[in-house]
Amino acid sequence: HSCHVRKLNKASIKAHVQILKQVPDSVLLRKGRGTNESIKHTYEQECQLHGVDVDRIKFLPMTKSEEDHRMVYPIADVLLDSYPYNGGSQNLEALWFDLPVVTLVGEQSFARMGYSFLQTLGIDAGIARNWVEYVEWGAKLGLDRELRNSLREQLIRSKQPETLSPLWNP
C-alpha cells in the first residue's frame, strides 16, 4: 500500500486533470497499484472541480505479464511521470518505446530520474521545474503532434548504433 501512495498525490491528480481539461478528446490511462477507491474518488472530485468528464480517466488493471504491461506504450501519446518518486523502469520503457515523457524535477535522486534520462538523451522537452510547467508540457505534448513526432524521431535515433545515447549503452 505505501509504495504506490508515494508515487501519487493530490498535486499530481490536480495536474493530470488540468492537462485533460486543456487537451480536448484526451484520455488518461491510470496504471498502477494505486487504483483504489480513495484515489478514484480524488480524481472524481478534481474532475468535478475543473469541469472534466471523469469517464476520460481509465483505471487499468494490473497485468499478468510483461508483454501485457508494455502494450499500453504504443497506444499512448505521452507518459506523465510520477512525483515525487519518478518512474525509473516505466520511464525507461516509455522512452524505449519512443514515447515522450513529462517529468517534474525534484531535489532528491528519486525525484530526478526522469530528468536524468531525458538529459542523457539530449531532450529538454517535457522537463518541468514546477507543477505549472508540468501541466504546460503535458498540454503542449498532448496537443502538438509535430512536437511529439519530432521527439519520437529523436528517441528512435538515440537507439541507432551511430547515434547511440549513453542511456542505451550497456
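For the structure, see preceding data.
If you look at the biggest cluster of nonpolar residues, it comprises 32 residues, and the most contacted ones within it are L95, I123 and Y134. Counting only elements with at least two residues in this core, the list comes to α2 (10–22), α5 (88–96), β4 (101–104), α6 (113–120), β5 (127–128), α7 (131–143) and α8 (145–157). With 4 residues, the top contributor of residues to this core is α7. Apart from residues lying up to four places away in sequence, L95 is in contact with V101, F117, L118, L121, L155, K159, L167 and W168.

Moving on, we come to unusual backbone geometry. Of note, the amide linkage connecting Y83 to P84 takes the cis form, showing an omega dihedral of 10 degrees. Relative to the helices and strands, P84 resides in the loop between β3 (79–80) and α5. Although it is not a glycine, D25 adopts a positive phi angle of roughly 65 degrees. Along the polypeptide, D25 turns up in the loop between α2 and β1 (28–31). The phi torsion at D98 lies on the positive side, around 65 degrees, for a residue other than glycine. Mapped onto the elements of the fold, D98 is located in the loop between α5 and β4.

Spanning 13 residues, α8 covers 18 Å between terminal C-alpha atoms, matching the ideal 18 Å at 1.5 Å per step. Looking at the buried positions of α8, the neighbouring elements they touch are α5 and α7. Residue D144 occupies the N-cap position of α8, its side-chain oxygen lying 3.2 Å from the main-chain nitrogen of E146.

What follows is about the sheet that holds β4. An order of β3-β4-β5 is seen for the 3 strands of this open sheet, with the pairing classed as parallel. Strands with a single pairing partner mark the edges of an open sheet, and in this sheet they are β3 and β5.

Attention now goes to the side chain of S158. Relative to the elements of secondary structure, S158 occurs in the segment after α8. Judged by relative accessible area, which is 6%, S158 ranks as buried. One polar contact links S158 to W168, side chain to side chain, over a distance of 2.9 Å. Excluding residues within four positions of it along the chain, S158 makes contact with L121, T163, L164, S165 and W168.

A word on the packing of α2 against helix α3 (residues 37–50). Orientation of α2 relative to α3, taken along the N-to-C sense of each, is 45 degrees, at an axis distance of 9 Å. Relative to α3, the element α2 is oriented oblique. The two elements α2 and α3 cross, and the hand of that crossing is right-handed. Facing α2, whose interface residues are K10, I13, K14, H16, V17, Q18 and K21, α3 presents I39, T42, Y43, Q45, E46, C47 and H50. For the contact of α2 with α3, a count of residues per class yields 5 nonpolar, 5 polar and 4 charged.

For a regular strand, side-chain orientation follows a simple rule: the groups alternate between the two sheet faces. Neither face of β4 is exposed, since V101 and T103 on one face and V102 and L104 on the opposite face are all buried. One ladder, built from 2 bridges, connects β3 with β4; its direction is parallel. Bridge assignment links L80 to a residue of β4, and that residue is V102. Assessed by its sense of winding, the connection that carries the chain from β3 through α5 to β4 is right-handed. Relative to β5, β4 runs parallel, the two sharing 2 bridges. Paired with L104 across the strands is A128, a residue of β5. Following the chain from β4 across α6 to the adjacent parallel β5, one finds a crossover that is right-handed.

Calculation criteria
- Throughout this description, residue numbers start from 1 for each chain and increase along the sequence as written.
- For this predicted model, a pLDDT threshold of at least 70 governs which residues receive local features, and a threshold of 80 or more governs which side-chain atom pairs are given and counted, while totals over whole chains, interfaces and linings are taken from all residues.
- Note that water and hydrogens are dropped before the side-chain values are worked out from all heavy atoms of the structure.
- In plain words, nonpolar cores are sets of buried Ala, Val, Leu, Ile, Met, Phe, Trp, Tyr and Cys residues tied together by side-chain atoms within 4.5 Å.
- Relative accessibility decides the category of a residue: with a 1.4 Å probe and only protein chains considered, values under 20% of the type maximum give buried, values over 50% give exposed, and everything between is partly exposed.
- Helix numbers and strand numbers start at the N terminus; a helix is a DSSP run of H or I with at least 4 residues, a strand a run of E with at least 2.
- Contacts are residue-level and defined by heavy atoms, with any inter-residue pair within 4.5 Å sufficient.
- For a helix, the expected span equals 1.5 Å multiplied by the residue count minus one.
- We call two N or O atoms a polar contact when they sit within 3.5 Å, provided that within protein one can donate a hydrogen and the other can accept it, with sequence-adjacent residues counted only if both atoms are side-chain atoms.
- Any two strands between which DSSP finds at least two bridges are classified as paired.
- Inter-axis angles, ranging from 0 to 180 degrees, are taken between N-to-C directions of lines fitted to C-alpha atoms, where helices are fitted over the stretch in contact.
- Working rule for angles: under 35 degrees goes down as roughly parallel, over 145 as roughly antiparallel, 65 to 115 as roughly perpendicular, anything else as oblique.
- Helix crossings get a hand from a simple test, with the near helix turned counterclockwise from the far one by less than a right angle marking a left-handed crossing and a clockwise turn marking a right-handed one.
- Ten residue types, Ala, Val, Leu, Ile, Met, Phe, Trp, Tyr, Cys and Pro, are classed as nonpolar, four, Asp, Glu, Lys and Arg, as charged, and the remainder, Gly among them, as polar.
- When the strands point away from the viewer and the connection leading from the first strand across the helix to the second strand turns clockwise, the crossover is called right-handed.

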